[in-house]
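Observations on chain architecture
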Amino acid sequence: MHISVGDIFRLNVQQHTKLGAQVRRTMAAGELVGDDLVEGVVKARLAEHDWNFGFIIDGFPRNERQAEFFLESYDIDGVIHLDMPDSEVRRRVLARRLCSGCGMDYNLLASSPQEAGKCDVCGGELIPREDDTEEALAVRLRDYHQKTNPVLDIFRRKEYVVTVDARPDRELVQQAIRAKLGLPPRDLPRPAPAADSKADGQPGGKADGQPSGQAGGQAASQPGRGQPSGQPASQPGGGQPGE
Ligand code: AMP
């Protein structure tokens, strides 16, 4: 289960909720939303308990207070630090596009739509994120270096952190994450088809059904360790502000 705090905020902005109105301008400027609002969103989302096999929380925690809250409230299996130089973050972020209809994300560098400017899934118009501008990105990078990256030390002390070079293609990045976490490779070889089988039933298209293209932003968690609740892993701030 992938949980993105930024996605929850964006959905609220799109749907004109009260929360959306509270965070819209802050987000557009690339600033961090206040900790109380963020913690409220995380608590409410994790209280849904649709993640019994574990979850990945993306874009959280982004500062020390959020990290302390997370450590106190949940069991964390690991933290994935996706390491990327600012120059590459900038290149990828400025090439990112979101579907204005269904919110699917694309990247003109790595996962372009089949038809320029149009969502493969719903045909909606692809637009840049409001905060994917040079100005907002400068603010996000500043906050990342000042507030988010230092949080890694809190998790390092607990030996939770794996650091992965996020510059290669996403498939390679995923392989590296799995290897470092001791997980099996995702694409296990399929058994050879029976001699008379006509088709393999595999549609073409994107390998993982995830059109999102950017390596900067997830963390993984394993299913429980005998606890009835709470076994997340987290990545502070999604590794980079690009996600
Ligand atoms: P993201 O999708 O992770 O890039 O987040 C988009 C925006 O949502 C950020 O630039 C912040 O304005 C807000 N946001 C998301 N997660 C957090 C967080 N953990 N703390 C504060 N603000 C956040």
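In what follows, the structure referred to is the one given above.
It should be emphasised that the depicted structure is a prediction, and the values quoted were computed from it without experimental measurement.

**Topic: the sheet that holds strand β5 (residues 105–107)**
What the three strands build is an open sheet, ordered β5-β4-β6; its pairing is antiparallel. For this open sheet the edge positions go to β5 and β6 (126–127), each flanked by a neighbour on one side alone. Where strand β4 (residues 96–99) meets β6, two bridges bridge the pair, whose relative direction is antiparallel. The partner of leucine 98 across the bridge, within β6, is isoleucine 127.

**Side note on the packing of helix α5 (residues 86–94) against helix α6 (residues 134–148)**
It is at 11 Å that the axes of α5 and α6 come closest, and there the two elements cross at 140°. By the angle between their directions, the pair α5 and α6 is classed as oblique. The hand of the α5/α6 crossing is right-handed. Residues Asp86, Val89, Arg90, Val93 and Leu94 of α5 form the contact with α6, whose participating residues are Glu134, Leu137, Arg140, Leu141 and His145. Here the contact of α5 with α6 is built from residues that sort into five nonpolar, one polar and four charged.

**What to know about helix α2 (residues 18–28)**
Within the sequence span of α2, burial applies to Leu19, Gly20, Val23 and Met27. Viewed end-on, α2 has its buried residues packed into an arc of 90°, placing them on one side of the element. Among the exposed residues of α2, those pointing more than 90 degrees away from its buried face are Lys18, Ala21 and Arg25. Where α2 is buried, its residues contact α1 (5–14) and α3 (35–46). Downstream of α2 by one or two residues, glycine 30 has phi in the positive range, about 85°.

Cut-off values and rules
Residues numbered from 1 in each chain as written. Predicted model: local features only at pLDDT ≥ 70, side-chain atom pairs only at ≥ 80, totals over all residues. Heavy atoms only, no water. Pairing = 2+ DSSP bridges. Helix = DSSP H or I, 4+ residues; strand = E, 2+ residues; numbered from the N terminus. Axes fitted to C-alpha atoms, helices over the stretch in contact; angles between N-to-C directions. Parallel < 35°, antiparallel > 145°, perpendicular 65-115°, else oblique. Left-handed = near helix turned anticlockwise from the far one by under 90°. Contact = heavy atoms within 4.5 Å. Nonpolar A, V, L, I, M, F, W, Y, C, P; charged D, E, K, R; others polar. Buried < 20%, exposed > 50% of the residue type's maximum accessible area, 1.4 Å probe, protein only. Arc of directions from axis to C-beta.

This is a description of form; function is not addressed.
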